[in-house]
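Spelled out, the chains give:
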Amino acid sequence: MTVVINPDFNPVPSLDRQVSVSVNADVENAGAVALFVSAEGELPAELAASFDRDSLAAAGFLGKAGQTLVLPGSPLRVLVGSGKGIGTEAQLRDAVAAFTRAAREISTLAVDLSALVVGDDAISVEAAAQAATEGALLARYRFDALKSDPKTVQLERLTLVLTDEAADLAEAAEVGVERGLILARTASLSRDLGNTPPRHLSAVKFAEIAQKFGPQFGLEVEVFDRQQLIALGCGGLLGVNAGSTEEPRMIKLRYTPEGASDETAHLALVGKGIMYDSGGISLKPSNAMHAAMKLDMMGAGAVFSAMTSLRELGATSIVTGWLMCTDNMPSGSATKLGDVLTIRGGTTVEVKNTDAEGRLVLADGLVLATEEAHRPDAIVDIATLTGAAMMALGTRTAAMLANNDSIAEQLQAAADSTDENTWRMPLDHRYREQLKSDVADLSNIGGQYGGVILAALFLNEFVDGTPWGHLDIAGTMQAEGDDLWRSTGSTGFGARLLAEFATAFEAPEKN
Ligand code: BES
Ligand code: MN
Ligand code: ZN
């Protein structure tokens, strides 16, 4: 097989991107400045001199959240609607993202945060600086590594302005900026990996990337090839790989904080890394959904990316990552319907649909996670697992299931602060009987309804009672168009969420 791939192709351009973000007492010759304008009340003084509400309305600008109106001049002034006002970090991230998109030709931007960070219902200056940084960098993200003539104007400088009373808060703002830069890089890295075409990012290539970049971010990286997976008895990962000409890889990552001991909390993260999901013998139809299946590794992408941030964010728990990587292809050697696979640890699974492959590769990873000598206090897996999650919750909210309330709450807190929304669904054991098989311990599919829950119940069989959370990001992996901080293509969903979750992780009571 000979194909031509540009030898200079860099699948992780976001790791090289430099944006300078500074905190300043004035606007310092930026190319564009944001002016937040609410839907009601007084206009900001500098606008009121030349405009009233009616003249802005005549230009179509009502101050609704997300609306923008660009006033020509140098600098460009960009009115950014703030609706009823900006009261949360998510609203600020969105507002700065809207500004950044409106000023798409401009490489130096400025946003005055002063009014948002002082007063009674102010946003903490640290959270505000972080959210503003993320909003600008994520909105300007574009995957153009394969374009001969990329048109995106790169963001070079973002100035966060703190004046008057807010000027004293500069030091705290710098901390937020630092976190924002780390998390924007984390999400962008995950987007890069998702957007990279499947032949450019095979399981083997992903492992090479992890080996090259993991150590730079303080991670130990161990890669398991086909022979090693056979020795480990990873029948799920090998069974899914059986139809492919590309080798599978399991990538194990470890972050160990300074001064760690046997008492240190331990979190395991398991990611679905289907580099391309054709469905296998249960072949998917050739439609837009199928064409998006290079993104079926976004769970593994989120785990890898999140883990690159842990040292810089000062995470104090040990975190182990398991990336279960292969593509899912039909061929003469592919797993057939009715085949029975033996998962690591001995559980047998009848494959009744080769397109329900994510749970098969995750099962091996979950079992391996539970077997660690220093047992994890919790396991969280993340996967583009079911179309049912997309049907149930749409493209903005991921499904979350857990066998432990503390894990669910910690995941929800990270979801709230990152605006990577999750909604908890029930792990209803009454559906468990649908996973019975006549010939094996389990079937890999249940009935027609409740697909999110059935998939989670399948995974639950492999966690050995460990406190566990599950994120089904099938609906949220992709944005069909530019939308505030989400740019067309891979959203990077889960990378910031897991980074925040792992950094704040506290071991729950045992189940
Ligand atoms: N990767 C898909 C799930 C998916 C669907 C992700 C749409 C993103 C968008 C997964 O492997 C899959 O095919 N799931 C099946 C499971 C079914 C056969 C039980 C599905 O959802 O149809
Ligand atoms: Mn599938
Ligand atoms: Zn899949």
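Just above, that's the structure.
Reading guide: rules and limits
- Sequence order as written defines residue numbering, which begins from 1 separately in each chain.
- Written order determines the labels here, with chains lettered from A and ligands numbered from 1.
- Only residues with pLDDT of 70 or above have their local features reported here, since the model is predicted, and side-chain atom pairs are shown and tallied only from 80 upward, although totals for entire chains, interfaces and linings are computed over all residues.
- Hydrogen atoms and water are omitted, and side-chain values are computed over all heavy atoms in the structure.
- For Na, K and Ca the donor cut-off is 3.2 Å, and for all other metals it is 2.8 Å, counting N, O and S atoms only; because water is absent from this set, sites may look incomplete.
- Irregular is the label for any site that misses the other tests, which are tetrahedral for four donors with all angles between 85 and 135 degrees, and square planar for four donors or octahedral for six when opposite donors exceed 155 degrees and the remaining angles lie between 65 and 115.
- The helix count covers DSSP runs of H or I at least four residues long, the strand count covers runs of E at least two residues long, and both are numbered beginning at the N terminus.
- Accessible area is worked out with a 1.4 Å probe on protein chains only. A residue is then buried under 20% of its type maximum, exposed over 50%, and partly exposed in between.
- A carboxyl oxygen of Asp or Glu within 4 Å of a side-chain nitrogen of Lys or Arg is what we treat as a salt bridge.
- It suffices for a single heavy atom of a residue to lie within 4 Å of a molecule or strand for the residue to be listed as near it.
- Distance and chemistry together define a polar contact, namely a pair of N or O atoms within 3.5 Å, with one atom able to donate a hydrogen and the other to accept it when in protein, and with adjacent residues in sequence counting only for side-chain atoms on both sides.
- Using a 1.4 Å probe, the Shrake-Rupley method yields the accessible areas, and only the shown protein chains count as cover for residues.

Help me understand the coordination of the manganese ion (ligand 2), please; the structure alone is not making it clear to me.
For a metal with four donors in a tetrahedral arrangement, the ideal angle between donors is 109.5 degrees, while six donors in an octahedron ideally sit at 90 or 180 degrees. Within the first shell, the manganese ion (ligand 2) binds the protein through Asp 277 (OD), Asp 355 (O), Asp 355 (OD) and Glu 357 (OE), at distances of 2.0 to 2.2 Å. Classification of the site at the manganese ion (ligand 2) rests on its 6 donor atoms, whose angles at the metal span 69 to 167 degrees, yielding the label irregular. Donor residues for the manganese ion (ligand 2) sit on one chain with the sequence pattern D-x77-D-x1-E. A separation of 3.2 Å is found between the manganese ion (ligand 2) and the zinc ion (ligand 3), which share Asp 277 as a coordinating residue. With Asp 277 in strand β9 (residues 266–277) and Asp 355 in the loop between β12 (348–350) and α13 (358–370), the pair connects residues that are 78 residues apart, well separated along the chain. For Asp 277, a relative accessible area of 3% translates into the label buried. A residue is classified by how much of its surface remains accessible, and Asp 355, at 23% relative accessible area, is partly exposed.

Before we go on, may I ask you to explain the pattern of salt bridges in this structure?
Pairing is possible between side chains of opposite charge, provided their charged atoms come close. For the structure on display, the rule yields 24 salt bridges. Between Asp 277 and Lys 284 there is a salt bridge, with its nearest N and O atoms 3.8 Å apart. Relative accessible area serves as the criterion here: at 18%, Lys 284 is assigned to the buried category. The closest approach of N and O atoms between Arg 486 and Asp 483, which form a salt bridge, is 3.2 Å.

So what exactly am I meant to see when it comes to the site of ligand 1 here?
Inspection of the region around ligand 1 gives 17 residues, with Asp 277, Asp 296, Asp 355, Glu 357 and Gly 387 positioned closest. The separation between a nitrogen atom of ligand 1 and a polar side-chain atom of Asp 296 is 2.8 Å. Glu 357 places a polar side-chain atom, nitrogen or oxygen, 2.8 Å from an oxygen atom of ligand 1. Contact with the protein chains removes 82% of the 510 Å² of surface that ligand 1 exposes when unbound.

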